[in-house]
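Tertiary structure, described
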Amino acid sequence: MFFLNQALFIPSAFVASHTCTFSSLFNKKNQFPNFPIPKFQNYPMSVLIFVDHAEGHIKKASFEALSYGAKLAEQLGTSAEALVLGTVTDDLAALGKYGVKKVHQVSSDTLNHVDSQLYAKVIAEAVTATGANVVVFSQNQTGKAVAANVAARLKAGIVTGACALPDTSNGFVVRKTVFSGKAFANVSINSPVKVISLNINSYKTVVGEGTAEVAALNVAVDASKIKITAVNKIIGEVPLTEADIVVSGGRGLKGPENWGVLLDLAKELNAGTACSRPVGDANWRPHHEHVGQTGVQIAPNLYIALGISGAIQHLAGVNRSKVIVVINKDPEAPFFKAADYGIVGDLFEVVPKLTEEIKKMKVSA
Amino acid sequence: MKILVCVSKTPDTTSKIAFTAGNTKFDEAGVQWIINPYDEWYSLVRAIELKEKDASITIHLITVGLADCDPIIRKALALGGDEAIRVNADSSDSYYIAAQIAEVAKRGGYDLILTGKETIDYNGSSIGGMVAEMVDMPYVSLATLFDLNGTTATITREMEGGEEVAEVSLPLVVSCQKGMAEQRIPNMRGIMAARTKPLQVVEPAAADTLTSIVSFELPPAKAGVKLVSPDNVAELVRLLHEEAKAI
């Protein structure tokens, strides 16, 4: 019982700052009406949300994770706290708007690069120090690099790709996507400490009022064994996994020289751009735009597919999109079966009209 | 140099997804089983490419599963694995599975452990990170390129908003995705050789199971596509704005 042993050795100064955790536990309506008063009054519990950032700014996916974690804490009758590793320019106290009372920060420059081993060690120590029993990550690239390491270190059951709040009425059951979005599994976590990694775009960010207390957390940070020799940022594009709207092109565009119609539409919608596998393989578009089973898996609010037939491997990458629009001249294209809206027609005629109509709508709005 | 490649048995990408036993079990009727594509196309094939450049490399395969995994292990051996270990256990809990792999890895003295970035059935993306933690090795996730120079690995990996090139000394755990290598088809010589390559079956080590699947669900069926005439694109914009509230 690594977690329990460690928790008992929390410095008393640290525990004192957590008394608010307990009063909130008894003031709020909680899930366990006969919840016994803990013997150790100074034994805290909370939901700890890992906050990811890049270029000094907090990632959009982290706001979703914060909102999710805060709601879960409310459901459990406990409090939500956030953890930031490294340095950021954004105002951390403002994270209170998403429902966290306290933001712990380990400000070491070493942590501005993701090293799974270092991150796991620091996060695990923070979990122990804060007495958290649920740790929430966003399932973005950073979450994928770190959450499992943290779970192994804490001997915590983990559910990655979570897409709803846990059902805590009888145990702790988290819903997640499986079979590349073609089904859901309800997974019970049976360990005392639990790790959840939340799918991007699957929980709505809730913005309220509030300011969080920002506190430095002193954790020893080892030297990284990973030497970064180059960083290539994709500049000037909406990151695909974070985009609300994605416009995607397939072989129906006939060649890379025809991408203008798609880019015009994407620009008008402030959308990310994507492509099907044949397009990526033919180097018509950069590889990082390839969405599908073996490419990037996305879940935007709106996915617009231009000239993509909709093979099952492509659908596996986009089927978590909330609304799917398909424009294809072949009425038999399988994608229409998975779509919400469709136009059977020549995309080279339809798409410029669509861009114009959106422009008009924006003017009149 | 010894490379351990973790492989998992998954349903073919075109399989019909259905459940039985009151939605608690995946319906295996008529399902074609394959090596998880991320394990095969990227980890295993990249390991084979490294071996082709350096004959001193041996490729060891590990899977955690029952005897029905043997065909996919034989296929992995046919592609170019040298020997395989199957831990004879059936589990859906990533901690349990990682503990089995870590147990074998601790004894095996591997310089490099490769996994796919996730399996296409449970989409856990957890095994690499957990094994790394259990055997106390650095972990590089979502690698798109991998090269070796002596005992130093040069890895390109996907990160938030771009990619990063890193140098790390072995031993090391890496999760692999598109870009690492291209799919290969086993040749007849490989298939024949695979029949006699060692496949050792070991019983699982004691390990805790921390999660369990309560039930599966299929997503609600789509209401059906609303088709709009190509001559009335304005109607599509209206529907997206007013009905779907997507723009």
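Residues numbered from 1 in each chain as written. Chains lettered and ligands numbered in written order. Predicted model: local features only at pLDDT ≥ 70, side-chain atom pairs only at ≥ 80, totals over all residues.

The next thing to look at is the overall build of chain B. Helices and strands together make up the secondary structure of chain B, namely 6 helices and 15 strands. Seen through its principal axes, chain B has C-alpha atoms that stretch 65 × 45 × 40 Å. Taken across its 247 residues, chain B has 49% of its residues classed as buried. Considering only intrachain contacts with a sequence separation of at least 6, the fraction spanning at least 24 residues in chain B is 72%. (Helix = DSSP H or I, 4+ residues; strand = E, 2+ residues; numbered from the N terminus. Buried ≥ 20, exposed ≤ 12 C-beta atoms within 10 Å, placed from the backbone. Contact = placed C-beta atoms within 7 Å.)

The next thing to look at is the confidence of the model for chain B. Within chain B, residue pLDDT values average 96, and 100% of them lie at 70 or more. Both confidence scores are given for the complex: pTM 0.89, ipTM 0.96. (pLDDT = per-residue confidence, 0-100.)

This part is about helix α11 (residues 347–364) of chain A. Compared with an ideal rise of 1.5 Å per residue, which puts 18 residues at 26 Å, α11(A) spans 25 Å between its outermost C-alpha atoms and is within 8% of the ideal. Taken together, the buried positions of α11(A) are occupied by L347(A), V350(A), V351(A), L354(A), T355(A), E357(A) and I358(A). Around the axis of α11(A), the buried residues are gathered within 170° of arc, so they sit on the same side. Turned more than 90 degrees off the buried face of α11(A), the exposed positions are K360(A), V363(A) and S364(A). Contacts from the buried residues of α11(A) go to α7 (260–269), β15 (302–306), β16 (323–328) and β17 (341–344) of chain A together with α6 (233–243) of chain B. (Expected span 1.5 Å × (residues − 1). Arc of directions from axis to C-beta.)

Residue and element names in this part refer to chain B. Under the 1.5 Å per step criterion, the end-to-end length of helix α1 (residues 37–53) is 23 Å for 17 residues, consistent within 8% with the ideal 24 Å. A bend of about 25° at V45 is the largest found in α1. α1 sits mainly inside the fold: 12 of its 17 residues count as buried. (Bend = angle between axes of the 7 residues up to and from the residue.)

What follows is about the domain arrangement of chain A. Residue and element names in this part refer to chain A. With domains assigned, chain A is organised as domain 1 (2–216) and domain 2 (240–360). On the domain 2 side, the residues contacting the 11 residues of domain 1 number 9 residues. By residue class, the composition of the side of domain 1 that touches domain 2 is 2 nonpolar, 7 polar and 2 charged. (Domains from an automatic or database assignment. Nonpolar A, V, L, I, M, F, W, Y, C, P; charged D, E, K, R; others polar.)

For residues with low pLDDT, the predicted coordinates do not support detailed interpretation. Overall, the prediction assigns chain A a mean pLDDT of 89, with 88% of residues at 70 or greater. Across residues 1–43 of chain A, confidence stays below pLDDT 50; counting only partners more than four residues off in sequence or on other chains, it has 38 contacts.

With that out of the way, let us pick up unusual backbone geometry. Residue and element names in this part refer to chain B. Following L170, the chain continues to P171 via a peptide bond in cis, the omega torsion being 0°. Following the sequence through the fold, P171 ends up in the loop between β11 (162–169) and β12 (172–176). One non-glycine residue, N123, lies in the positive phi region at around 45°. You can see N123 is positioned in the loop between β8 (112–116) and α4 (127–135).

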